[in-house]
Amino acid sequence: MVNNKDITEMLRDAYQPELIEDLQDKVQSYAPFVTHIEASGKQVEFNSIGSVEAGFRVGKWDKKVDQEPLYGRRSMRPVSLALSLKYAKDDMTLKGDFAAGPADFIRQMGYAFNRGIDAVVLGVVLKNMKKSASDVGRPYWTIAPSTDLAAPASFYNGAALGGIVGTTYIGDTLTTPETLDLQARLNDGTLLAADNTKAKALDLDMVLTGVIPAGYSPKGAFVLCGLTVEKVLALREAMESRNAIEPGEVINLAITPAMKYELIRDERLWNNQNGFQTLRNGLFSELLGVRFLVTNKVPIVNVGTAENPAWQFACPAWKSSEVMMGMWDDLDFEITKPEDHWGKYRIAAQCALGCARRRKETVMLVMCDAGLPAFSESDSELVKHTVAVNED
């Protein structure tokens, strides 16, 4: 049989399934951590419902007093991820043993999309942190800022990024931004200031706080530290105190690789009964009742002021059933050879997906000392990842 396919069609047939499979594997790896839903259109709307309480009867001839559950509307909008690579046939000819072929480019493209999906699910963006305006800066991940628009942001430029820790739009018109607290709530209704050195565990309102502070200790005054077993147990206590989880229910916690080994070094978790189980899609501790998502994209946030910043890791904790994730489009993949170039080939791909939390009460932040210098809030800037030029 005569082969009528050109080289670009052959390359596409060979490598498109590989890239699609890699993308599907990445999305599937989040199956234990989120709830997948069908997604289409400009946005996906879903409802949340508040809890109700059963009470005691007061006498023989009681009248029924009806309670009405509180309902909420929330939305998830898609974010477009895209990447286009080019390579020259001349490079494969002239670079000898270092020559890179299509398979190498597909592999790098897969890595890039995997990192992009992580950012969409968590709701984080890259920020170049600087000590001063003249400083070159260092990149760190941080919570995606909310838009200043009256309505949720567009499909482009990552503006609709929400995820687990980003902005979720709520209300009847789905235009009211909801963001997470970055400071713990105290029993007197105030938020724990970054410079508060006298706070203790008993001062925390474990029902209303959305944060386990970076200095948390079950005994004595708070002292800044990394991730500890005590913080994880405090997280479970807070979740159970607000009836967000049942006693034996598993919760998810995103941590950095360094935090993972901090926990593993704890001698209390060394034996088989209390230790960790390594799962295909994460690390699990039966004693703590926590499934850990180990990622370098745990956001760093400023819990101080612009003048006196205090940078801390904000490790998100959530219930899988309370975080929604949807794919709008399957991967659109192409390999082309521009007619006006002798030996140029282009590999391009794009997809659209979104993620949002269902309820604020079932997402918490466990803060950990980041050990960073006093980066300037005003001089630091978000890193843009635009991959296209808009045509006028």
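Check the entry above for the structure.
Right, let's walk through the structure included here. (Residues numbered from 1 in each chain as written. Predicted model: local features only at pLDDT ≥ 70, side-chain atom pairs only at ≥ 80, totals over all residues. Heavy atoms only, no water.)

## Topic: the overall build of the protein chain
A count of helical and extended segments in the protein chain gives five helices and 19 strands. A separation threshold of at least 6 residues defines the contact pool for the protein chain, and within that pool the share at least 24 residues apart is 69%. When the accessible surface of the protein chain is split by element, carbon and sulfur atoms take 51% of a total near 22100 Å². (Helix = DSSP H or I, 4+ residues; strand = E, 2+ residues; numbered from the N terminus. Contact = heavy atoms within 4.5 Å. Areas by Shrake-Rupley, 256 points an atom, 1.4 Å probe, with all protein chains shown as cover.)

## Some details on the sheet that holds strand β19 (residues 376–382)
Read across the open sheet, the three strands follow the order β6-β5-β19; overall the sheet is antiparallel. The outermost strands of the open sheet, each flanked by one partner alone, are β6 (138–143) and β19. Put simply, the sheet's adjacent strands are angled 45° from each other on average, direction ignored. Judged from the six bridges that link them, strand β5 (residues 124–130) and β6 form a sheet pairing that is antiparallel. Each bridged residue has a counterpart across the sheet, and for valine 124 the counterpart in β6 is isoleucine 143. (Pairing = 2+ DSSP bridges. Axes fitted to C-alpha atoms, helices over the stretch in contact; angles between N-to-C directions.)

## Comments concerning the pattern of salt bridges
A complete count under the given rule lists nine salt bridges for this structure. Glutamate 178 is paired through a salt bridge with arginine 357; the nearest N and O atoms lie 3.2 Å apart. Highlighted residues: glutamate 178 in strand β8 (residues 176–178) and arginine 357 in strand β17 (residues 344–357), separated in sequence by 179 residues. An identical accessibility class is assigned to glutamate 178 and arginine 357; each is buried. Between arginine 185 and aspartate 181 there is a salt bridge; the shortest N-O distance is 3.9 Å. Through salt bridges that share partners, Asp181, Arg185 and Lys360 make up one connected network. (Salt bridge = Lys/Arg side-chain N within 4 Å of Asp/Glu carboxyl O. Buried < 20%, exposed > 50% of the residue type's maximum accessible area, 1.4 Å probe, protein only.)

## Focus: helix α4 (residues 229–241)
Its 13 residues place the ends of α4 18 Å apart at the C-alpha level, agreeing with the 18 Å of an ideal helix rising 1.5 Å per residue. Close packing links the buried residues of α4 with β9 (211–212), β10 (251–255), α5 (257–264), β13 (290–294), β15 (311–318) and β18 (363–369). Looking one or two places after α4, you find asparagine 243, whose phi comes out positive at around 60°. (Expected span 1.5 Å × (residues − 1).)

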